[in-house]
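Notes for the structure review
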4 protein chains.
Amino acid sequence: MSWRVSRATRPTDSSERLVFFTDAVVAIALTLLVLPLVDLVPEARSSGLDLEDLLRENLGELGSFLLSFAVISRFWWAHHQLFRHVSRLSGPLVAWNLLWMFSIVFLPWPTAIITAYEPSTGTVLLYVGTLVVTSASLTMLAVTVHRDAALSVGRDRETRDEVLGSATSLGALLVALVLGSLFPGPVNYKALLLLF
Amino acid sequence: MSWRVSRATRPTDSSERLVFFTDAVVAIALTLLVLPLVDLVPEARSSGLDLEDLLRENLGELGSFLLSFAVISRFWWAHHQLFRHVSRLSGPLVAWNLLWMFSIVFLPWPTAIITAYEPSTGTVLLYVGTLVVTSASLTMLAVTVHRDAALSVGRDRETRDEVLGSATSLGALLVALVLGSLFPGPVNYKALLLLF
Amino acid sequence: MSWRVSRATRPTDSSERLVFFTDAVVAIALTLLVLPLVDLVPEARSSGLDLEDLLRENLGELGSFLLSFAVISRFWWAHHQLFRHVSRLSGPLVAWNLLWMFSIVFLPWPTAIITAYEPSTGTVLLYVGTLVVTSASLTMLAVTVHRDAALSVGRDRETRDEVLGSATSLGALLVALVLGSLFPGPVNYKALLLLF
Amino acid sequence: MSWRVSRATRPTDSSERLVFFTDAVVAIALTLLVLPLVDLVPEARSSGLDLEDLLRENLGELGSFLLSFAVISRFWWAHHQLFRHVSRLSGPLVAWNLLWMFSIVFLPWPTAIITAYEPSTGTVLLYVGTLVVTSASLTMLAVTVHRDAALSVGRDRETRDEVLGSATSLGALLVALVLGSLFPGPVNYKALLLLF
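Every value quoted in this text rests on a predicted model; they were computed, and no experiment measured them.

1. Examining the overall build of chain A
Along chain A, the regular secondary structure elements total nine helices and zero strands. From first element to last, N terminus to C terminus, chain A shows the α and β order α-α-α-α-α-α-α-α-α. Of all 196 residues assigned to chain A, the portion counted as buried reaches 59%. Here the contacts in chain A between residues at least 6 apart in sequence split such that 80% fall between residues at least 24 apart.

2. Things to note about helix H3 (residues 35-46) of chain B
Residues separated by three or four positions in an α-helix point in the same direction, a consequence of the helix having 3.6 residues per turn. Along H3(B), the residues that are buried comprise Leu35(B), Leu37(B), Val38(B), Val41(B) and Ala44(B). In the stretch just after H3(B), Gly48(B) is the one whose phi turns positive, near 80°.

3. A word on the relation of the copies chain B and chain A
When chain B is fitted to chain A, the best match, at an RMSD of 0.0 Å, comes from turning it 90° and sliding it 0.0 Å along the axis. Taken together, the turn and the small shift mark the pair as related by a four-fold rotation axis. Take the interface residues of chain B: only 14% of them recur as interface residues in chain A, which is what a contact between different surfaces looks like.

4. A few points about the nonpolar core
If you look at the biggest cluster of nonpolar residues, it comprises 264 residues, and the most contacted ones within it are Trp109(A), Tyr117(A), Trp109(B), Tyr117(B), Trp109(C) and Trp109(D). Ignoring sequence-local partners within four residues, the contact set of Trp109(D) consists of Val34(C), Leu37(C), Val38(C), Val41(C), Leu55(C), Asn58(C), Leu62(C) and Leu126(D).

5. Details of the interface of chain B and chain A
Chain B puts 36 residues into the contact, and the matching count from chain A is 44 residues. On inspection of chain B and its partner chain A, the count reaches one salt bridge. The partner of Arg17(B) in a salt bridge is Asp23(A), with the nearest N and O atoms 2.6 Å apart. Where chain B touches chain A, the interface holds five residue pairs in polar contact (both at pLDDT 80 or more). Only helix H1 (2-8), helix H2 (16-32), H3, helix H6 (91-106), helix H7 (108-116) and helix H8 (121-147) of chain B provide two or more residues apiece to the side of chain B that touches chain A. In terms of residue class, the side of chain B that touches chain A is made up of 27 nonpolar, five polar and four charged.

6. Quick notes on a negative patch on the surface
On the surface, Asp39(A), Glu43(A), Asp39(B), Glu43(B), Asp39(C), Glu43(C), Asp39(D) and Glu43(D) cluster together into a patch of negative charge. Broken down by secondary-structure element, the contributors of at least two residues to the negative patch are helix H3 (35-46) of chain A, H3 of chain B, helix H3 (35-46) of chain C together with helix H3 (35-46) of chain D. When you line up the elements, Glu43(D) lands in helix H3. Judged by its relative accessible area of 51%, Glu43(D) is exposed.

Cut-off values and rules
Residues numbered from 1 in each chain as written. Chains lettered and ligands numbered in written order. Predicted model: local features only at pLDDT ≥ 70, side-chain atom pairs only at ≥ 80, totals over all residues. Heavy atoms only, no water. Helix = DSSP H or I, 4+ residues; strand = E, 2+ residues; numbered from the N terminus. Buried < 20%, exposed > 50% of the residue type's maximum accessible area, 1.4 Å probe, protein only. Contact = heavy atoms within 4.5 Å. Least-squares fit on C-alpha atoms with pLDDT ≥ 70 in both. Core = buried A, V, L, I, M, F, W, Y, C linked by side-chain atoms within 4.5 Å. Salt bridge = Lys/Arg side-chain N within 4 Å of Asp/Glu carboxyl O. Polar contact = N/O pair within 3.5 Å; in protein donor to acceptor, adjacent residues only side chain to side chain. Nonpolar A, V, L, I, M, F, W, Y, C, P; charged D, E, K, R; others polar. Patch = residues over 30% accessible without salt bridge, like charges linked within 9 Å, V, L, I, M, F, W, Y side chains within 5 Å. Areas by Shrake-Rupley, 256 points an atom, 1.4 Å probe, with all protein chains shown as cover. Lys, Arg positive; Asp, Glu negative; His and termini not counted. Charge placed at Lys NZ, Arg CZ, Asp CG, Glu CD.

Everything listed is a geometric property; what it means functionally is a separate question.
Structure, rendered in C-alpha cells:
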C-alpha cells in the first residue's frame, strides 16, 4: 500500500486538509495540558489542603503548564508562518509534518516528567530533546518547502532567510540540550522561553 | 526567530487559520468540562452511593459545569462577533488572541477549584480573575481591530459602540471581582451569568 | 453586552463558523466516550483480572459506549441534514444550537450513570431526558429554519416534511421517556436505537 | 426519521463537512493516546520510582503509543488519499465512513489492553481485529467510491488499482490476524508496521 500511495502524493494535492488536521491535533495537545492540573484539585481537597497550600504545592504544575502552553503555541505559529507558502503536498512534506505532529502530541509526557521530577540530565534530555525533534522536523519542512517550487504554486516562495531562521532556532535548542544535560542542577526550563 | 517572524505577520495574512485554530481550542475546552463529572460516577458507585445521593452530592459539580459552559460559549460568541470584522492578521492581534485562548484553556482549573472549595477571597480572585483576563484580552482585541483598518479589508469595520460594549463587560467583571473578593461569603457565581 | 450583540446577529452572518464549531464539539464528545473504557484496563490488570474476566465485567461499559456513539453520530447526521439548508445565522438559531450542543457535551455524564447504575426511573429520566433535550432543540432548530427564509439564502428551503420528521423523532423519544420511567425494570437502552 | 433522511442523502450533498468531522475525530483519537502515558508519571513519582525505572517500566506503554500513533496516522493518510476523489455523499458512503470512524475512536481501548496484558490469542484478536474493521470499512469505502461515478463529480475518478491496493492491505491484516491468534506467543505488534 505504502509505495503506491506515496507515488500518488504528487504535488497536485491541496495542502488544505493536512493543515486542518495538523491544527486540530495541536489544538487538542494544547488544551489537554490543563487536565493534570484539574485532576489535582479534588485530591488536594480530600486530603485537607486549604487553597493557599494547593496553590503553593501546584506551583510547579502551573509553571510546566505555562511553559508547554507557550512552547506549543509558539511552534504552532512558526508552522503557520511556514505553511503560508504551501499550497501543495509531497511525500517528504507529509512525512516531516507527521514527525512534527508526533513530537507535539508526545510533549505532554515530558511535561508531566519535568513536573514530577527534579531537574537532572535525564529530564533535560527528555524535555529539550522532544523540542529538538519538533524544531528539527520544522527545519526539514522549511528546507523541503524552500527547495521544491511545486509546493508553493500560487503563493509566495519561502525565502532563504526564513529557512535560516528556523535552523538558528534549532541550533539554539541543541546548545540548550547540551548545556542542560551537562549542568542539570541549575537548569531553568523557563530559560527556554528566551529562545523563542 | 521571534522578531523576524513578527515582522512577517503583516496584515496581508488571512485570518482564517487563526480563527479555525481558536475555535478548535475553545471547542475542546468546552467539552473537557464534563470529564470531572464523568470521573465521579464510578467512584460514587463503588462507595455505595445510590443515584439520589450521587445527584445531591454532585449538585455543586453540575452547577460549576453549567456556569463554565455558559461562560465559555458566551465568550466564544463574543469572539465570533468580533472576528466577523477581521480578514487579516497583525502581530498584536495574534498576541492578544493568544492571551484570550490561554485564559479559556486555563478556565477548567479555576472551575475545579470553585467546585471543590467554599467561596472565599481566594476562589473568587482565581475564577473571576481568569474571566477578567478573558474579557480584557477580548477588549484589547476589539481596540486593535477598531484602530487598524488594514485588519478589516473587504469586511465591515468594527464600530466604536462595539468596542464600548466589550469594555463595559470588562468593567462589570472588574466590579464583580472587587465585590466578590471583599464579600466572599454570600458570593453567588451564578450571578456572573447576569453580566452577560 | 448581550442585547447589542443579539441585535448584531442579523441573518447576514455566514453560518460556516458556527457549523464548524459545532462539529468540533460533537467530534470531541464522540471521542471522549472511549476514555472511561480505557481507564478501566490498567485497574483490571492490577487487580489480577484476566482478559476474559475483563471483557465480561466491561460488557456494560462497552454497551453504553456503543449506544452513545450511535446516538451522538446519529444526531450529528440529523444536524448535518438540517444545516444543508442554512447559510445565515439569527439569534434564535444560535440559541437553539447552543442548547443542542450543550445536551451533546453533557451526554457522557448520563452515559456514565447508566453504565454504573441498574436501570431505574432515575437513570431513565437522566439518559432519555438528555436525548429529549437534544431532539427538542433540534426540532426547534428545524422550525426556526423552516420559518425564516432569510436563513436559507442561496440554498434549498427546508420542507415541511423534514420538520415533521424531526418532530416525530421527538415524539418517539417522549414516549420512550414515559414508558421507561414508568417501567424501568425491563428497560433496554438498546431499544433506543430502534427510534433512529 | 432514518429512511426519510437516508433518501435525502442524494449524491448532491457536498462531502466537505463529513471530511472535516472525520478529521476532527481522528485528530482527537490520535492525541488522546498520550493520556495513559501522562497519567502514569505522578503515580510512579509518588511510589518512589526514579526516572530510569519509570522509563524501563513504561517502555511497553511507549511502544503501544508509538504503534497506535503510527497506525492511526497511516489510516488517516489512506482516508485522505481516498477522499481526494470524493466530492459528494451517498448513504452507503456515510455508513461505511461511520464504521471506519468508530474503529478509530475505539482503538485506544485495544491499545490499553495490549499494553496491560501479555500477547495471547485474545489480545491479538482484539487489537488486530479492530484494525481489520478499519481496513475493511476503508476497502468498502474505496469500492463504493469506485463504483458510483456521481460521488466524484468534478474530481479524478478512483482507479481500479487504488481499490486493489486497499484490498491487499486488508488481506495482509487478515493473514496477520490468523497467524497472530494461532501463534500468539512470539507475536510482535511492531511487525504490523511492516504491513503499511
